Structure formats: C-alpha cells, structure tokens
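Architecture and fold: a report
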Amino acid sequence: MADRVTVIGWDGSPLTAAARAALGAATLVAGAAHHLALTEVPRTAERIRLGSVALAARRIAAHRGTAVVLADGDPGFFGVVRTLRAPEFGLEVEVVPAVSSVAAAFARAGMPWDDAQVVVAHRRTLRRAVNVCRAHTKVAVLTSPGAGPAELGLLLDGIHRTFVICEELGTGREQVTVVTSDKAADHTWRDPNVVIVIGGPAGPVGAGDGWIAGRGPGAGPRGWTLPAEAYEGRLGEGETETLRAAQLARLGPRVGDLVWDIGCGSGAFATEAARAGAAVIAVDRDPGACARTEAAARRFGVQPQIVHGTAPHVLENLPEPDVVRVGGGGAAVVLAVADRRPQRIVSHASTRDEAELVGRDLTEHGYEVECALLQSVELDTRAWTEKERSVAFLLSGVLPDRTS
C-alpha cells in the first residue's frame, strides 16, 4: 500500500506550498495529461494517465512509496476522492482542494449558486440531468464527452433555457459564452466545460430563505396534494384529493424523473408532481385545461411543459417518461403508454369492467398490476353530515425489471 496518498485540486492558479511539497515528494503521480505536464511533477516519479479512477486506485494501493493524484477543481465535489476512499482500496487520503469548477463558473457569470441544482451528465445520466434542467430554474451541469452543451440543448427541445457555457476554466483557453438552449447544438464546445442552465418562473419553489443549498423544501402550502380551493375549485372527474394522493404515492415522482400527466384537467396532479421536484409534461386536448394547468403552475412557482393535443397520437414525439398518470383517454391511451415502458403507470376507472380491461392490458405488457377501490366521504364538521362522496378504482402497474 502507498505510504501516503495526497489528492491535489487544481484550478489553473499556481499550486500552494502544501501542494508543491506533496508533489516534490511523490514517487507516483496520477492525473490527466495536462496535470502530468505541470513542471512541479518530479521527473523520476511513475506517472499514471488518469482514465478509470478505480484502476488507478488499484495501482496506487499496490505502490510502495508516496502517491499524488491531481484533479481539476475541488476533488471532493463530484470528484476522485469518493472512489479513492472506497473501502476495497484501503487508502488513507489527504486532500488539498482548489476552487470547484462549479464555483468558478458561477463566479464568471457573476451569479450566486447556493440556490442551484448541481448535476453530472455523462451518457448514462444525461436524460436525468436534462429532466433536472426541465424542472428547475438554475442548474449547473458538469458535462462529459457525448453529454455536453449540444446534447443538453437537443434534449431540451421545446423548452426555452439560457446556457452559460464555461469552457476550460482556469486555463489560457478559458471562454465563457451565453446562448439560448436551441442554439447550443450549432457550435462545437471544448472539454472540459460547465453549463449553467437558467430559466423559469421568477419565484421558484423553495426560494427566498437562503438557509439550505439547492432546492429547499417547498415554499407553498404543506401537503402532497392540495384542496380544490387551491385550484379555484375547478377539479374535474378523477381529480379528487384522495385519488391524487394515492396516485402520487404509487408513482413516487422525484428529482431527475420525467412524469407524463395525460388528461391534466385542472393541472392539480401536474403541479403536485412538479412540487416534488420532478419534470412534468402535462397533456390535454382541451385548450381550457391547458390554460388552467399553466395558471396553477404559475401560482405555485413550478414549470411543467404543457402540450395541447389528443392522446395517444400526441405522445409519439414526447421524450421517454419514468412514470405516467393516465387521467383520461381510457384503455387505448394506457396501451400506448405501456408501449413506452415507463417504470410505473397509474390510472383510474369508474366501473369494475373498465378496471378489468385496463388491468388485463397492463398485465399483457409485463406490468405487475394492483387495483384498489377507493371510496372517500367528505363530512361537514359543523353538523357531521355528508357533503360529498367519491368512488373510483385505482389501478397501478409496475415493471418488475425497472423497480428503482
């Protein structure tokens, strides 16, 4: 095992005395090509070109001597420190940090970033990073080859955002460019780069207090679901508070997810899924429903994408969903949704025959189906008399191979 492992962050500024001392004593140095070219790297030290951090960690663990790992920015922030400290390598690590690339990017933009979401985009996580950009008003994206500004812009098709693209921060080739998201694919961008994605309502959920980093707890009313009064009493059939709460519980929308709400009606479910941090596409064939959904979203400071059109045809060009609520359209829409293989689907039916038809269709598509009869009775607590009664069959389908 290496006698000592020091991880040094580098942001383009001169190395600190502590960093120079560690490098001077190193018998093994790992880093990217531009790190290994630094004049402070000893000529006699073994050099490892850093590709897979796990492979480098194994070589460091087997090394007899003093090892240094060089990394851009703060190596403890989405950096190499996490991998190096993994139990299987048994390495004791000292860290000499530098300014993180995210902090540097926001500094170049002259913007605060305690209210920003920070995500890492590579080929495997690009879609989820895009969903965060859909849902939130300020996001910093740490990009990678094949998951950079151009790809972000293409996947945000139909969503207007402003990109602040910071290339090669801390180097002589540093450049900061501001473009709209629809123009990002028109350029070739140099790696490494950080993209600040800006856009959305002026008063986002959780803004104002400044007591917690990123997206704080919702600033609006408490509760997964809100009463009809919050939506000006315009709830339609299948939008009762009890049913919506059960649907939200079955779907479990979260940050990084894309939710489809088909037959959005008043916009209640779309708004509440967005309040949970998910990206939402709300679909309805009724222009009035689209307008009500837009008004509800604006009132609660969230930003679903609203699509006017008739399902299932309008669904063909929408990006892949993680979870879906089918609030209208019946079995034909449920079948079209199941063909897209989201992790979870919820729907409702007013009769047992309708519920059986939808349930059979989901089962034939490989979903594990549950059905529950929900009955709720609202009481007037002044006289403890019945005010309103609602009954619905709640159907939910889960793909066994996509349960996360």
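The structure this text deals with has already been given above.
Procedures and definitions
Residues numbered from 1 in each chain as written. Predicted model: local features only at pLDDT ≥ 70, side-chain atom pairs only at ≥ 80, totals over all residues. Heavy atoms only, no water. Helix = DSSP H or I, 4+ residues; strand = E, 2+ residues; numbered from the N terminus. Buried < 20%, exposed > 50% of the residue type's maximum accessible area, 1.4 Å probe, protein only. Contact = heavy atoms within 4.5 Å. Areas by Shrake-Rupley, 256 points an atom, 1.4 Å probe, with all protein chains shown as cover. Lys, Arg positive; Asp, Glu negative; His and termini not counted. Charge placed at Lys NZ, Arg CZ, Asp CG, Glu CD. Axes fitted to C-alpha atoms, helices over the stretch in contact; angles between N-to-C directions. Parallel < 35°, antiparallel > 145°, perpendicular 65-115°, else oblique. Left-handed = near helix turned anticlockwise from the far one by under 90°. Nonpolar A, V, L, I, M, F, W, Y, C, P; charged D, E, K, R; others polar. Core = buried A, V, L, I, M, F, W, Y, C linked by side-chain atoms within 4.5 Å. Pairing = 2+ DSSP bridges. Salt bridge = Lys/Arg side-chain N within 4 Å of Asp/Glu carboxyl O. Patch = residues over 30% accessible without salt bridge, like charges linked within 9 Å, V, L, I, M, F, W, Y side chains within 5 Å.

This part takes up the overall build of the protein chain. A count of helical and extended segments in the protein chain gives 12 helices and 17 strands. The dimensions of the protein chain, computed from C-alpha atoms along their principal axes, are 85 × 45 × 40 Å. Taking all 404 residues of the protein chain together, the buried fraction comes to 50%. Within the protein chain, counting contacts between residues at least 6 apart in sequence, those at least 24 apart form 61% of the total. Counting only carbon and sulfur atoms, one obtains 51% of the accessible surface of the protein chain, whose full area is about 19,500 Å². Seen as two clouds, the 42 positive and the 47 negative side-chain charges of the protein chain have centres 5 Å apart.

The interhelical angle for the contact between helix α8 (residues 241-251) and helix α9 (residues 268-275), taken along N-to-C directions, is 40°, at an axis separation of 11 Å. The angle between the axes of α8 and α9 places the two elements in the oblique class. As for how α8 packs across α9, the hand of that crossing is right-handed. From α8, Arg-244, Gln-247, Leu-248 and Leu-251 reach across to α9, where they touch Ala-268, Phe-269, Glu-272 and Ala-273. Residue composition of the contact of α8 with α9, by class: five nonpolar, one polar and two charged.

Okay, the nonpolar core next. In terms of nonpolar packing, the biggest core is built from 28 residues, with Trp-260, Ile-262, Leu-315, Val-326 and Val-337 touching the most fellow members. Contributions of two or more residues to this core are made by β11 (258-262), β12 (279-284), β14 (323-326), α11 (330-338), β15 (344-349), α12 (352-364) and β17 (385-398). When residues of this core are assigned to their parent elements, the largest contribution, five residues, is made by α11. Apart from residues no more than four positions distant in its own chain, Trp-260 is found in contact with Ile-281, Leu-315, Leu-318, Pro-319, Pro-321, Val-323, Val-324, Arg-325, Val-337 and Arg-340.

Most of strand β8 (residues 162-167) sits inside the fold, with five of its six residues counted as buried. Direction of pairing for β8 relative to strand β9 (residues 175-180): antiparallel, over a ladder of six bridges. Across the sheet, Phe-163 pairs through a bridge with Val-179, a residue of β9. Direction of pairing for β8 relative to strand β10 (residues 193-198): antiparallel, over a ladder of six bridges. By the bridge assignment, Glu-167 is partnered in β10 with Asn-193.

Turning our eyes to something else, we now look at the sheet that holds strand β2 (residues 28-31). The strand order β3-β2-β4-β1-β5 describes an open sheet built from five strands, whose pairing is parallel. Edge positions in the sheet fall to β3 (46-49) and β5 (93-96), since each has one partner strand and no second. The sheet shows a mean angle of 20° between the axes of neighbouring strands, taken without regard to direction. Pairing geometry for strand β1 (residues 4-10) and β5, over four bridges, is parallel. Residue pairing across strands places Val-5 opposite Val-93, the latter belonging to β5. Docked against the sheet, helix α1 (residues 17-24) engages β1, β2, β4 (66-72) and β5, running at close to 135° with respect to β1.

The next point concerns the sheet that holds strand β7 (residues 138-142). In spatial order, the strands read β6-β7-β10-β8-β9; together these five strands make up an open sheet with mixed pairing. For this open sheet the edge positions go to β6 (117-120) and β9, each flanked by a neighbour on one side alone. Put simply, the sheet's adjacent strands are angled 20° from each other on average, direction ignored. Lying over the sheet, helix α6 (residues 126-135) contacts β6, β7 and β10, oriented at roughly 160° with respect to β6.

Next up on the list: the side chain of Asp-380. With respect to the secondary-structure elements, Asp-380 resides in strand β16 (residues 368-380). Accessibility expressed as a relative area gives 16% for Asp-380, which makes it buried. What Asp-380 contacts, discounting residues up to four positions off in sequence, is Thr-385 and Lys-387.

Okay, the pattern of salt bridges next. Between side chains of opposite charge, a pair can form as their charged atoms come close. Going through the model one piece at a time under the given rule, you end up with 21 salt bridges. A salt bridge links Glu-272 to Arg-244, with the nearest nitrogen and oxygen atoms 2.8 Å apart. Highlighted residues: Glu-272 in helix α9 and Arg-244 in helix α8, separated in sequence by 28 residues. When its relative accessible area of 3% is taken as the criterion, Glu-272 is described as buried. Salt bridges sharing partners connect three or more residues here, namely Arg-127, Arg-128, Arg-254, Asp-257 and Asp-322.

Moving on, we come to a nonpolar patch on the surface. Residues Val-377, Leu-379 and Trp-384 make up a contiguous nonpolar surface patch of about 320 Å² in total accessible area. Within the secondary structure, Trp-384 is located in the loop between β16 and β17. With a relative accessible area of 61%, Trp-384 lands in the exposed category.

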